[in-house]
Amino acid sequence: MDEDNPAIRALAASGIAHEVTRHGRVGSLAEAAAARGVEPSAIVKTMVVRRGEGDHLFVLVPGDREISWPKLRSLLGVNRISMPAADAAREVTGYERGTITPFGSRAVLPVVADERIVGRTVSLGAGAHGVAATLAADDVIAHLEAQVADVTDPA
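Residues numbered from 1 in each chain as written. Predicted model: local features only at pLDDT ≥ 70, side-chain atom pairs only at ≥ 80, totals over all residues. Heavy atoms only, no water.

K.L.:
Help me get a handle on unusual backbone geometry, residues and values and all.
P.N.:
The residue Glu145 is not glycine, and still its phi comes out positive at about 50°. Checked against the element boundaries, Glu145 lands in the loop between helix H5 (137-144) and strand S8 (147-149). (Helix = DSSP H or I, 4+ residues; strand = E, 2+ residues; numbered from the N terminus.)

Rendered as C-alpha cells:
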C-alpha cells in the first residue's frame, strides 16, 4: 500500500519523525480531527496556489483558517494569484484535491507556512483520502525550507 504512495515514501525518506493515520474518507474538518485525534486547528491543509503560468506554490493553512488573499499577494509581491483548477493542481502535484501534500509532489514547489503552525504538532494529508501524517510543524518547515508568515484569516 505505502509503496504506491509517494507522500509516505517521501516522509520516510525525509527522516522526520511522523505517525501515519489511516481513517478513510471524512466529511468535515471536525470528523477528520476526531479521526486523527487532534484539534481542528492542528489539521494543516496544503493548498496549491498559482502565481502565473507554470508558477505554483504550496500554502500550509491551519484547518480552522483560510488563505488571506491580500496577505498572500503582499507577501509574494504580486497583484494576482489564484487556485488552479483541480486537474491543473493534479498535474503539478500528482495528487487529487483533498490529498495534496508537499511530500512526494511531482514538482518541488516553494512552500509558505502560516505562522500559526510554528511550534505545534500538526496533521498533514499524506497523499490519499483518509491518510494523514502527524508530525512536528517545525520539522516540516525546516525540511521544506518553508517561508513562515501571517497568510491566513479565521475561516
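K.L.:
For the nonpolar core, give the residues involved together with the corresponding values.
P.N.:
By size, the foremost hydrophobic cluster in this structure holds 25 residues, and its most contacted members are Leu60, Phe103, Ile117, Leu124, Leu135 and Val140. Contributing elements (two or more residues each) for this core: helix H1 (6-14), strand S2 (43-52), strand S3 (55-62), helix H4 (86-93), strand S5 (111-114), strand S6 (121-125), strand S7 (131-136) and H5. Among the elements that make up this core, the one with the highest residue count is H5 (4 residues). If near-sequence neighbours (up to four positions away) are discounted, Ile117 is found in contact with Val44, Leu60, Pro62, Val122, Ala137 and Ile141. Ranked by size, the runner-up nonpolar core spans 11 residues in total, among them Leu57, Val61, Leu76 and Val112. (Core = buried A, V, L, I, M, F, W, Y, C linked by side-chain atoms within 4.5 Å. Buried < 20%, exposed > 50% of the residue type's maximum accessible area, 1.4 Å probe, protein only. Contact = heavy atoms within 4.5 Å.)

K.L.:
An account of the sheet that holds S5 is requested, with residue identities and associated values reported.
P.N.:
Spatial ordering of the open sheet is given by S1-S7-S6-S2-S3-S5-S8, a layout of 7 strands whose pairing is mixed. Looking at strand neighbours, the two that pair on one side only are strand S1 (18-22) and S8, the edges of this open sheet. Neighbouring strand axes in the sheet, compared pairwise and without regard to direction, differ in orientation by 30° on average. Pairing of S5 with S8 involves 3 bridges; the strand directions are parallel. In the strand pairing of S8, Asp114 is matched with Ala149. Along the sheet, H5 contacts S3, S5, S6, S7 and S8; its crossing angle with S7, the most-contacted strand, is approximately 95°. (Pairing = 2+ DSSP bridges. Axes fitted to C-alpha atoms, helices over the stretch in contact; angles between N-to-C directions.)

K.L.:
Quick one: what's the story with the layout of surface pockets, residue by residue and with numbers?
P.N.:
By volume, the largest pocket is sized at about 570 Å³. Looking at the largest pocket, it is lined by 26 residues, and the ones nearest its centre are Arg36, Lys45, Arg97, Gly98 and Thr99. At the level of secondary structure, the elements contributing two or more residues to the lining of the largest pocket comprise helix H2 (29-36) and S2. For the lining of the largest pocket, the per-class residue count stands at 13 nonpolar, 9 polar and 4 charged. Roughly 240 Å³ of internal volume is contained in the second largest pocket. If you go around the second largest pocket, you meet 14 residues; those closest to its centre are Pro102, Gly104, Val108, Leu109 and Leu144. Looking at the lining of the second largest pocket residue by residue, the classes come out as 10 nonpolar, 3 polar and 1 charged. (1 Å grid on protein atoms, 1.4 Å probe; cavity = no way out; pocket = protein on both sides within 12 Å on 5 of 7 lines; lining within 4 Å. Points joined across faces, edges and corners; volume = space filled by probe spheres on them. Nonpolar A, V, L, I, M, F, W, Y, C, P; charged D, E, K, R; others polar.)

K.L.:
How would you explain the side chain of His56 if you had to name every residue and give the values?
P.N.:
Secondary-structure assignment places His56 in strand S3. Setting aside residues up to four positions removed in sequence, His56 forms contacts with Val48, Val49, Arg50, Pro84, Val92, Leu109 and Pro110.

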